[in-house]
Amino acid sequence: MSNNYQTINQRQRYVQQSGRNWERFVQLKVNTGLESLGSDLKVIDGKEAKNDLTLREKLSIPVGNRRSNQKIWGDTDLVVVDKKRNPFAVISCKTSLHGRFSETLFYAVVLKNLLPTLKFVFSTPDKGRQQQKSPWQSEWGNEKRPTKDRLLGSHYLDGVYIENKNTNLGGAIKPLDELARDLVRWRNARS
């Protein structure tokens, strides 16, 4: 998909489509990994999860006063479910951090407060800091000189999974190829 856009509407369409493409890529990659590991876990699209009454009830966030039944659907791009369709993990997918990472962190804290055993991870291609005419720089820094986002992600998420060979990995910052194995490992540790 080309990022040659001339209007704000063209840019918004490009951003939305690249985000959807990233979600599909992550879903396919993780499901393929889970299948190869013989796991019964499956990654489903957040829209499919929202349309499932049981998942929607478990993953929606209460809002309003304490007597209110109002709930909202948060940052649940992808949901990992077991064979009984119980939610096991949420995968937030963003093509860049650009002001959206705090949304992911907020929903991670709230959902993990509601469902303490839920895993919440973040996936990104790490397009780098978007400074023109400067060399590519990771949005995540490195372990010795972490960015604020790396520190926050390492503290509030179960993992940050990246599809960029130039990113300095370590700690909670891992290659996307490891996500399926980590899901299986977490599931086995729970059993």
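Located above this text is the structure these notes cover.
Our subject in this report is the structure included herewith. Note that the coordinates shown come from a computational prediction; the quantities given were computed from them, not determined experimentally. (Residues numbered from 1 in each chain as written. Predicted model: local features only at pLDDT ≥ 70, side-chain atom pairs only at ≥ 80, totals over all residues. Heavy atoms only, no water.)

Comments concerning the overall build of the chain
- When you go through the chain residue by residue, the secondary structure sums to 6 helices and 8 strands.
- Its helices and strands taken in sequence order, the chain reads α-β-α-α-β-β-β-β-α-β-α-β-β-α from the N to the C terminus.
- Counting only residues that meet the buried cut, the chain has 44% of its 191 residues in that class.
- A fraction of 59% describes how many contacts in the chain between residues 6 or more apart in sequence connect residues 24 or more apart.
- Total accessible area on the chain stands at roughly 11,500 Å², and carbon and sulfur atoms take up 47% of it. (Helix = DSSP H or I, 4+ residues; strand = E, 2+ residues; numbered from the N terminus. Buried < 20%, exposed > 50% of the residue type's maximum accessible area, 1.4 Å probe, protein only. Contact = heavy atoms within 4.5 Å. Areas by Shrake-Rupley, 256 points an atom, 1.4 Å probe, with all protein chains shown as cover.)

Digging into the side chain of Thr167
- Tracing the backbone through its elements, the reader meets Thr167 in the loop between β7 (159–162) and β8 (173–175).
- Under the relative-accessibility criterion, Thr167 is labelled buried at 6%.
- One polar contact links Thr167 to Asp126, side chain to side chain, over a distance of 2.6 Å. (Polar contact = N/O pair within 3.5 Å; in protein donor to acceptor, adjacent residues only side chain to side chain.)

Notes on the pairing of strand β4 (residues 78–81)
- Residues of β4 alternate between two faces, with Leu78 and Val80 on one and Val79 and Val81 on the opposite face, all of them buried.
- Note that strand β1 (residues 42–45) and β4 share 4 bridges and pair antiparallel. Within the sheet, the bridge partner assigned to Asp45 lies in β4 and is Leu78.
- One ladder, built from 4 bridges, connects β4 with strand β5 (residues 87–93); its direction is antiparallel. Bridging from a neighbouring strand, Val79 pairs with Val90 of β5.
- Here β4 hands over to β5 after 5 residues, with Arg85 in that stretch at a positive phi of 65°. (Pairing = 2+ DSSP bridges.)

Topic: the nonpolar core
- Counting 24 residues, the largest nonpolar core has Trp140 and Leu157 as the members making the most contacts within it.
- Those elements that place two or more of their residues in this core are α3 (53–59), β4, α4 (101–114), β6 (119–124) and β7.
- Ranked by residue count, the leading element in this core is α4, at 6 residues.
- Among residues more than four places away in sequence, those in contact with Leu157 are Phe101, Thr104, Leu105, Ala108, Phe120, Phe122 and Leu152. (Core = buried A, V, L, I, M, F, W, Y, C linked by side-chain atoms within 4.5 Å.)

Focus: helix α6 (residues 179–190)
- When the terminal C-alpha atoms of α6 are compared, their 17 Å separation across 12 residues agrees well with the 16 Å that a helix rising 1.5 Å per residue should span.
- Residues of α6 that are buried include every one of Leu179, Ala180, Asp182, Leu183, Val184 and Trp186, and no others. (Expected span 1.5 Å × (residues − 1).)

Overview of the sheet that holds β1
- Strand order in the open sheet formed by 6 strands is β1-β4-β5-β6-β7-β8, and the pairing between neighbours is mixed. Of all strands in the sheet, those bounded by a partner on one side alone are β1 and β8. Across this sheet, the average inter-strand angle for adjacent strands is 30°, counted without regard to direction.
- Sheet contacts for α4: β5 and β6; angle to β6, the most-contacted strand, approximately 165°. (Axes fitted to C-alpha atoms, helices over the stretch in contact; angles between N-to-C directions.)

Comments concerning the packing of α4 against helix α5 (residues 148–156)
- Where α4 contacts α5, the axes come no closer than 10 Å and their chain directions differ by 15°. For the element pair α4 / α5, the angle class is roughly parallel. Once α4 is placed against α5, the crossing between them reads as left-handed. Contacts between α4 and α5 pair Phe101, Leu105, Ala108, Val109 and Lys112 from the former with Asp149, Leu152, Gly153 and Tyr156 from the latter. (Parallel < 35°, antiparallel > 145°, perpendicular 65-115°, else oblique. Left-handed = near helix turned anticlockwise from the far one by under 90°.)

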